[in-house]
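# Overview (structure and organization)
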Amino acid sequence: MGAIDLPKSPNVFHPEKPSAVGSRNSLAQEYRDQQAEVNLLLEEETNKVIHHLTARLPKDVLERLDVMGSLKEKLYNYFNQNYQNMFNRYMVTSEDEMVKKVRNFIDKEETKVLTRYTPKEVADLLDAVGGADKFNTGEIEKSMVNMYGHLQGHIQRGVNELETHTNSILRQKTDTGAFVRGENAYSIVKCAFKDNQLKPKTVTDVKLSVNIIESELISPIFHYQVTVEYIIKDLVAKHIIDCIDKIVEDVKDERINKGEEELSDSEIIFSKVNKVENYTDDDTENPKAKRYSYVAKALLERVSDLRAEIDPEAYDSFNIRENIKKIIDIENIRNRGFNTAINSITSILDTSRMGYQYIENLKNARELIIREYEDSDVVHLPDERYQIKMRFFDNAQLIEDRKAYDVQIKSFETEVQHLWDVLEVIYQKDWKKSFAVNDFEDLAAKNKSRIKTNIKDKSGEPLYEDTAKVWDEISFVKPVETEVEKSNRNYVFEKDRIRTKIIRMRDRMTKMYDFQYPAERRVMEERLNWLEGEYFRFEYMINPYHLQPGLLLDVDITSIKRKKITLDAMANVLNEFLHGVSKGFADAAFASFSRRRSTVREDINQSFSSVATEESSPSVEQAVAAPRAAIAAPKSAAPVAASSKKKGVVDSKSKAKKPARGGGSGLAEI
């Protein structure tokens, strides 16, 4: 009886029918006499128990046990009911499930053979006529990949939501770790939680900035205004790097196969550097130079300064530069990377139930703005909302942003200092009482002469007024900047100074006016509140000195503290977006070990030889020294070291020369 002829066990439930669910009879047992086998087993177990009881109990006790019937019969019935009902039926069901799996496997394999849509001869004919690029199943394979990709995305999204909620419950609070998981934490530039200005007790505002540098982008992004010459050179440079990497990998594999030492990290870098001259050079004027082996010098000169658009009056489809540009445009190299990032973030927002009413795609500027609501006035917006700003920038843009940041810091210092001076003048002229001690300065001036006569003249020390004041009592003395700090300004000192001045001015106005509100106080407080609000808005921004050229994702979230709906949903969106757009951080020291010596050495394939087992087992020093000696030995001596016959050393060649006597087990008899 074949596997296909077996009854469909899941659809049948019967205690006696073979291979039915719950049956005590199975086709897999080939109609063995189950009852006789069970009787033999029960008879043996019953006799064991009775023998044990007979040897242990007194005779009068045994007679009392047999009053209501035979003890052997009782034990027999007990074992029969429990042992057979539980164990035997479990075994039958397990065997039937295994038969079902085998039957399904056979059905599946036969279906694969019968439903093959092209016989071998037809496939060979099509390949001979049109080639592999004419007749293929590429589109079907893409559809299958997309379907499995979407399925995996939905499953992963659910797992991420569960993980986010679990972490939130364990933390009992919301922090930066709730947004981006460990493998992408390095990409965070800034994350700040603060209370909402309108509803500080119930609503929180979150600022999250993620910077993905150019080298980590899966699909490279180019500015719309980049020249065709730059794109071509970038493609050639990537091809050269790939060729150099391939050569170095071949060298590494060759050294491993010869039993030589692996290249260190520094040696790999120097090997790559030395190979650069084989593909390019710095001879820009020679048309036959190596740098023009991929693209001719004349062609590069044709597309020099050619950008994304050509003047319609000068456009000629027969020209060389127009055709070169068309080839580049057909591949869509210029827009591919940024469009991929846009499609990724919008599709993730849609599938994550994070809808948006406003989107502005500044394609030429490589900037995307998404808001959940069209209205930008926070007074009329709900407490659960978000805004995303995605921007790609290069080093030239960063330099200009840093210049603007420097100017803005100076402007804040000037405006705050101006208000400070106005308040100081009003305090000194209008609020200080003459011939009275209003503050420490008045007290010091009043006792100046006494300090000079009683203390300073005797000690010879200069007066306080004659001593140079380095500390202005607002901020500590700023250390001299090094070249590193000049190139990467954080402005922590300047920001703390501005913040301290704002606090002190507010305290001074409170002491000066108390509960009075004249026109001067109202004007100064209005100016101070405005400067403080603008300062906080500026402080909330990203310092361009902390950014690197690449993609910047700037997210502003407002969420209710007890619900955190938008926070949890945005955490999943960010992690999925980073997984789809960024390669992630990779340590070159770990990535360089593509083949480890421990996985390809011949001396790993060891066997127990008679020489090794006759004596005592090798010591630790001998076991460690043998591979090292094989590595350090010259090429001619390596085979000799590998096939050493000394006692206490495992012979790696014995398995290949002489088969083991233990049959097909691969182990020699001991």
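Our structure's up above, just so we're on the same page.
Figured I'd write up the structure that's included with this text.

Calculation rules
Residues numbered from 1 in each chain as written. Predicted model: local features only at pLDDT ≥ 70, side-chain atom pairs only at ≥ 80, totals over all residues. Heavy atoms only, no water. Helix = DSSP H or I, 4+ residues; strand = E, 2+ residues; numbered from the N terminus. Buried < 20%, exposed > 50% of the residue type's maximum accessible area, 1.4 Å probe, protein only. Polar contact = N/O pair within 3.5 Å; in protein donor to acceptor, adjacent residues only side chain to side chain. Contact = heavy atoms within 4.5 Å. Pairing = 2+ DSSP bridges. Axes fitted to C-alpha atoms, helices over the stretch in contact; angles between N-to-C directions. Parallel < 35°, antiparallel > 145°, perpendicular 65-115°, else oblique. Left-handed = near helix turned anticlockwise from the far one by under 90°.

## Digging into the side chain of lysine 207
Its place among the elements puts lysine 207 in strand E2 (residues 203–213). With relative accessibility at 7%, the residue lysine 207 sits in the buried group. Looking at lysine 207, its side chain comes within polar contact range of the side chain of aspartate 556, at 3.4 Å. Ignoring any residue separated from it by four or fewer positions in sequence, one finds lysine 207 in contact with Lys190, Cys191, Ala192, Tyr540, Asp554, Val555 and Asp556.

## Let's talk about the sheet that holds strand E4 (residues 367–371)
Strand order in the open sheet formed by 6 strands is E1-E2-E6-E5-E4-E3, and the pairing between neighbours is antiparallel. Of all the strands in the sheet, just strand E1 (188–195) and strand E3 (358–362) have a single pairing partner and so form its edges. Geometrically, the sheet is characterised by an average inter-axis angle of 5° between neighbouring strands, direction not taken into account. The sheet contact formed by E1 and E2 spans 7 bridges and is antiparallel. Counted as the bridge partner of lysine 194 is aspartate 205 from E2. Running at roughly 170° to strand E5 (residues 385–393), helix H10 (residues 333–351) makes contact with E3, E4, E5 and strand E6 (550–560) of the sheet.

## Topic: the packing of helix H6 (residues 228–257) against helix H9 (residues 320–331)
Between two packed helices, both the angle of their axes relative to each other and the distance between the axes serve to describe the pair. Contact pair H6 / H9: the axes reach a minimum separation of 11 Å and the direction vectors enclose 60°. On the basis of the axis angle, H6 is oblique to H9. H6 and H9 meet at a crossing whose hand is left-handed. Residues Val228, Ile231 and Ile232 of H6 touch H9, and the partners they reach there are Ile324, Lys325 and Ile328.

## Observations concerning unusual backbone geometry
The backbone of asparagine 332 sits at a positive phi, close to 55°, despite the residue not being glycine. Structurally, asparagine 332 can be placed in the loop between H9 and H10. The phi dihedral of arginine 366 falls on the positive side, at around 55°, and the residue is not glycine. A relative accessible area of 2% means that arginine 366 is categorised as buried.

## Points about the environment of tyrosine 230
Among the structural elements, tyrosine 230 can be located in helix H6. Of the residues examined, tyrosine 230 reaches a relative accessible area of 45% and is grouped as partly exposed. Along the chain, tyrosine 230 and valine 303 lie 73 residues apart, while their C-alpha atoms are 9.5 Å from each other.

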